[in-house]
Amino acid sequence: MEKQKDLRKDMLHLNKTKLDEKGLTLVELLAVVILTGIVSILVFSITTKALENTRIISQETMLRDEADIIVSKFIKEMYSTKQEHIIRYKEEVIIDPISNKKSYKYSYLEVIENESKCQRDENGDYKIEGECKLKDIGFKTVNGVTKIQIFNEQYTVSNSSIKVLAESKINGTPNETSVYEIVLKLKFTHVRGNKETERIMSFKNEIQPIVNSK
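Let me sum up the structure you'll find in this document. (Residues numbered from 1 in each chain as written. Predicted model: local features only at pLDDT ≥ 70, side-chain atom pairs only at ≥ 80, totals over all residues. Heavy atoms only, no water.)

Observations concerning the nonpolar core
Across soluble globular proteins, nonpolar side chains have a tendency to be buried as a group. The line we're drawing: Think of a nonpolar core as a cluster: buried Ala, Val, Leu, Ile, Met, Phe, Trp, Tyr and Cys residues, connected wherever their side-chain atoms sit within 4.5 Å. Between buried and exposed lies partly exposed: a residue is buried under 20% and exposed over 50% of the maximum accessible area for its type, with that area taken using a 1.4 Å probe on protein chains only. The way it works is that DSSP assigns letters per residue, a run of H or I at least four long becomes a helix, a run of E at least two long becomes a strand, and they are numbered from the N terminus. For this analysis, residues touch if any pair of their heavy atoms sits within 4.5 Å.
Counting residues in each nonpolar core, the largest one holds 28 residues, and the members touching the most others are Ile-70, Phe-74, Leu-184 and Leu-186. Broken down by element, this core gets its largest block of residues, six residues, from helix α2 (residues 26–78). Excluding its chain neighbours within four sequence positions, the residues that come into contact with Leu-186 are Leu-63, Glu-66, Ala-67, Ile-70, Ile-162, Lys-163, Val-164, Leu-165, Arg-199, Ile-200, Met-201 and Phe-203.

Side note on the pairing of strand β5 (residues 134–142)
Rules: We call two strands paired when DSSP finds no fewer than two bridges between them.
Direction of pairing for strand β2 (residues 102–112) relative to β5: antiparallel, over a ladder of seven bridges. The residue of β5 that forms the bridge with Leu-109 is Ile-137. Here β5 pairs with strand β6 (residues 145–150) via six bridges, running antiparallel. Across the sheet, the residue bridging to Phe-139 is Ile-148, located in β6. Counting the residues that bridge the hairpin from β5 to β6 gives two residues, and of these Asn-143 lies at a positive phi of roughly 55°.

As for the pairing of β2
Within β2, eight of the eleven residues are buried, which leaves the element mostly enclosed by the surrounding structure. One ladder, built from nine bridges, connects strand β1 (residues 86–95) with β2; its direction is antiparallel. What sits directly across from Val-93, in β2, is Tyr-104.

Below, the structure is given as structure tokens:
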């Protein structure tokens, strides 16, 4: 009898051990899979958002760097130009009939190229004739491409992803002001597969040439 009792105890102990060692149930396994999926989605979402923010910051940095280059060219020339040598302002506005959006075929200042070759009339104004020629500083759009005209140099953006928009212009009429505003509008185009995204930024700077009396 004692041996039978001991054998029964051993069997019960063995069965309990096997139950303890059977591992995860199907419900527990499904719960683990679901939780893993949720965590994976959250990690993917956070990573994607971080990459997108990094891309945006990179694009904006490139746009700002390009704007700095362009504006510095205007500043370099305008700060060494006499106000009295700026003869007139010229622009041609284009209005989109659908969007009513304003752009410019050209927007620039005409400046005396060489003062020594120019003469004044009885009113003290320069006579633009003969060898007295003018040079341009501003923006000109030809065949949908807007370029920066800085006297004898025509600057073109080297980064193919960045484009100067036709809304860029220079504000200021020489007989009304001695402070000119550069309005620069740049667009960055990012192509990924069949998807194209754009980022547009505007920059404004005021420039004052050398002011002196006639």
